[in-house]
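Residues per chain, in single letters:
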Amino acid sequence: MSVLKKPWADRAALFGISFFLLCGVVNPLWARVPAANPPAAAQGQAAAAPAVDPAAQEEALRRAARQRPNDPQVLARLGTVLAMQNKLEESVTWLEKALKLNPRETDARRTLATAYWQLGQLEKAGKNLKLVLRAKPQDGWSTLLLGMVSEDLGNHAQSAQLLGEVLPRVRQRPEPILALARAYYQLKETEKARETLRYLNDLPDNSNAVFAGGRAAAEFHDYQTAEAIFHSIQYTYPNPGDVQFNLALAQFSQKHYDESQKTLLASVESGHATANGYELLGWTYQQQDRLEDMMKAFETAINMEPEQESHFLELGQALLEKRNSQTALDVALEAVKRFPSSSRAYSMKGASELRMSRLTEAIQSYTKAVELDPKDPKAALGLALTYWKANQDAKAESLFAEYAVKFPRDALIQLKYAIFLINSPEQKTSAKEAQIKAFLQRSEELDNSISETHFNLGNIAVKEENYDEAMRELLVAVELEPEMSKAHFALAKLYRRLGKQEEAAKETEIQKKMKEKEDQLSE
């Protein structure tokens, strides 16, 4: 469901990090910029500090740069003033010129690094920050920013080390606290991340920072911490509707559907209802098999925001999961009517038709979806799967091979291609088996929360007689999807092979119960 996958904002915007704070441009470079029009001191009083007008400073420095084009101080000051006005690309040009003339100017290099960071040029930002720190190892702002850059580059260990070093000096601001917590989450050091987030409670007027901490915890699936955080600011956060929605989302993500429902209904009663809130309420009812209430909640969301196709698509997905394919198709047809240029609407139509084995129509729908948005991996995967179900294996394999290359970071495409190859009637050569394993491992690397990936890797490990690895993968599979009967069956066989008859019997019993449920759902 899309409401569980809210995109994070741009990193700088999310943290609210001031360019001036991070690069320290209220620093020696800025202090050396003379005021263009210093105000006169009041009679009988000490001279007032000159007012800083960046536009006037820029004009004065451009004149100075024309007169002294080889003066690194003038060029660096101009680059700094441009940076302060968010003219980052031009700022970089002048700062690079200044540093070419005087490579040892660390203030200019720090400003340059920050500009590169803001522009998303992380490698260049990191390179310049390391040069600053080589000259000034105790430069706290450069350490802080290098920690931020390291996180963005995926070097979470270095990020945690750097941010941990500087945190005692900058703990009065939320940005480094949040960045360090994220680095710890990336390193799977959840307790350290939680301890770091607690520092947010010590900040003055902290509800916005604490809210961001809750969102960070939720992003890394630490829903228990997220729930506790949102609870703590439920009555102090400026936007009660936002915090109630995120609280309900954290509860839903822990499968506490009744609690999530109660939180959302309380939000409605307090006058903070939103379309997304009703959509999430619909999902809580869906999980509790209260389909009539589910329909009413989704219809309310649609009526509140009829221009949002996502509400139609979420309703269609909820219906498909309950195997109500005809109603899902009706919803998809309405979505296609209202949003004729929507690839996702046609994909929903194709998914409904595929579930109903209306394969010719499903191929047409998915083909249209791919035409409308060639960059949508879900539409592409749906088309390949439909050709496979239609027994057009050559076409399906051609599409899987094409899309595995086109969408190398889509875990489901890597997984489904591997499953297609596993089920192919062709003889499995050692090269083909290695290819299958590589696709599965790539899928696991991209998203380790897909039970099917772990199940198939577990089966491969059994064939390779790597029983420890097989046990790890199969246990993860049933942890992620406790009702996957085939994973319990595979575990039972593995336990028997290892001589663990009692464990095998337990898994066999679970497998029988899960298989009965699956058979009932398929009727």
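Shown above is the structure to which this text applies.
Residues numbered from 1 in each chain as written. Predicted model: local features only at pLDDT ≥ 70, side-chain atom pairs only at ≥ 80, totals over all residues. Heavy atoms only, no water.

1. A closer look at the overall build of the chain
Then, in step 1: Secondary structure assignment for the chain yields 30 helices and zero strands.
Then, in step 2: Within the span of the chain, comprising 523 residues, buried residues form 47% of the whole.
Then, in step 3: Taking as baseline every contact in the chain between residues at least 6 positions apart, the subset at least 24 positions apart corresponds to 52%.
Then, in step 4: When the accessible surface of the chain is totalled, it reaches about 26600 Å², and 49% of it is carbon and sulfur. (Helix = DSSP H or I, 4+ residues; strand = E, 2+ residues; numbered from the N terminus. Buried < 20%, exposed > 50% of the residue type's maximum accessible area, 1.4 Å probe, protein only. Contact = heavy atoms within 4.5 Å. Areas by Shrake-Rupley, 256 points an atom, 1.4 Å probe, with all protein chains shown as cover.)

2. Focus on the packing of aromatic side chains
Then, in step 1: Enumeration according to the criterion identifies 12 aromatic pairs in this entry.
Then, in step 2: Judged by centre distance (6.1 Å) and plane angle (50°), the rings of Tyr403 and Phe407 are tilted.
Then, in step 3: Judged by relative accessible area, which is 6%, Tyr403 ranks as buried.
Then, in step 4: Taking the centre distance of 4.7 Å and the plane angle of 50° together, the rings of Tyr417 and Phe439 count as tilted. Highlighted residues: Tyr417 in helix α25 (residues 411–423) and Phe439 in helix α26 (residues 430–446), separated in sequence by 22 residues. When sorted by exposure, Tyr417 lands in the same class as Phe439, which is buried.
Then, in step 5: In this structure an aromatic cluster arises from ring pairing among Trp388, Phe400, Tyr417, Phe420 and Phe439. (Phe/Tyr/Trp six-rings, centres within 6.5 Å; stacked < 30°, edge-to-face > 60°.)

3. A word on the pattern of salt bridges
Then, in step 1: For the coordinates displayed, the defined rule picks out 26 salt bridges.
Then, in step 2: Measuring nitrogen to oxygen at the nearest pair gives 2.7 Å for the salt bridge that ties Arg182 to Glu151. In this pair, Arg182 sits in helix α11 (residues 174–186) while Glu151 sits in helix α9 (residues 140–152), placing the two residues 31 residues apart along the sequence.
Then, in step 3: Given the relative accessible area of 5%, Arg182 is considered buried.
Then, in step 4: We note a salt bridge from Arg338 to Glu334, for which the minimum N-O separation is 2.8 Å. Placement of the pair is Arg338 and Glu334 together in helix α20 (residues 325–338), with a separation of four residues, close to one helical turn.
Then, in step 5: Look at Arg338 and you get partly exposed, because its relative accessible area is 40%.
Then, in step 6: Taken together, the salt bridges that share partners define one network made up of Glu58, Arg62, Lys87 and Glu90. (Salt bridge = Lys/Arg side-chain N within 4 Å of Asp/Glu carboxyl O.)

4. A closer look at helix α18 (residues 291–304)
Then, in step 1: The terminal C-alpha atoms of α18, which comprises 14 residues, lie 20 Å apart, in line with the 20 Å expected from a rise of 1.5 Å per residue.
Then, in step 2: Every buried residue belonging to α18 is among Met294, Ala297, Phe298, Ala301 and Ile302, and all of these are buried. Buried residues in α18, looked at end-on, bunch into an arc of 140°, giving them a common side. Facing away from the buried side of α18, by more than 90 degrees, are the exposed residues Glu292 and Asn303. (Expected span 1.5 Å × (residues − 1). Arc of directions from axis to C-beta.)

5. Some words on helix α27 (residues 451–463)
Then, in step 1: Compared with the 18 Å implied by 1.5 Å per residue over 13 residues, the 19 Å span of α27 between its first and last C-alpha is a close match.
Then, in step 2: Three or more residues of α27 are buried, namely Ser451, Glu452, Thr453, His454, Phe455, Asn456, Leu457, Gly458, Ile460, Ala461 and Val462.
Then, in step 3: Packed against the buried residues of α27 are α25, α26, α28 (467–480) and α29 (485–497).
Then, in step 4: Glu465 occupies a position one or two residues after α27 and carries a positive phi of about 60°.

6. Considerations on the packing of helix α19 (residues 309–321) against helix α21 (residues 343–355)
Then, in step 1: Two elements in contact, α19 and α21, have axes whose closest approach is 10 Å; the angle formed by their N-to-C orientations is 15°. The pairing of α19 with α21 is recorded here as roughly parallel in orientation. Classified by chirality, the crossing of α21 by α19 is left-handed. Between α19 and α21, the contacting residues are Glu309, Leu313, Gly316, Gln317 and Leu320 on the first element and Arg344, Ala345, Met348, Ala351, Ser352 and Arg355 on the second.
Then, in step 2: Residue composition of the contact of α19 with α21, grouped by class: five nonpolar, three polar and three charged. (Axes fitted to C-alpha atoms, helices over the stretch in contact; angles between N-to-C directions. Parallel < 35°, antiparallel > 145°, perpendicular 65-115°, else oblique. Left-handed = near helix turned anticlockwise from the far one by under 90°. Nonpolar A, V, L, I, M, F, W, Y, C, P; charged D, E, K, R; others polar.)

7. Let's talk about the packing of helix α7 (residues 106–118) against α9
Then, in step 1: Interhelical geometry of α7 versus α9 gives an angle of 25° and a closest axis separation of 11 Å. When the axes of α7 and α9 are compared, the pair comes out roughly parallel. Between α7 and α9 lies a crossing of left-handed hand. Facing Arg110, Ala113, Thr114 and Trp117 of α7, the residues of α9 in contact are Trp141, Ser142, Leu145, Met148, Val149 and Asp152.
Then, in step 2: Residues of the contact of α7 with α9, tallied by class, amount to six nonpolar, two polar and two charged.

8. Remarks on the side chain of Glu444
Then, in step 1: With respect to the helices and strands, Glu444 occurs in helix α26.
Then, in step 2: Non-local contacts of Glu444, meaning those with residues more than four positions away in its chain, are made with Thr453, His454, Leu457 and Glu473.

9. Section: the side chain of Glu473
Then, in step 1: Checked against the element boundaries, Glu473 lands in helix α28.
Then, in step 2: Lacking a salt bridge, the buried Glu473 has Arg472 as its closest oppositely charged neighbour, with an N-O distance of 6.7 Å.
Then, in step 3: Polar contacts involving the side chain of Glu473 include one to the side chain of His454, which spans 2.7 Å.
Then, in step 4: Every residue in contact with Glu473, bar those within four places of it in the chain, is listed here: Glu444, His454, Leu457 and Gly458. (Lys, Arg positive; Asp, Glu negative; His and termini not counted. Polar contact = N/O pair within 3.5 Å; in protein donor to acceptor, adjacent residues only side chain to side chain.)

No statement about biological role is implied by the geometric values presented.
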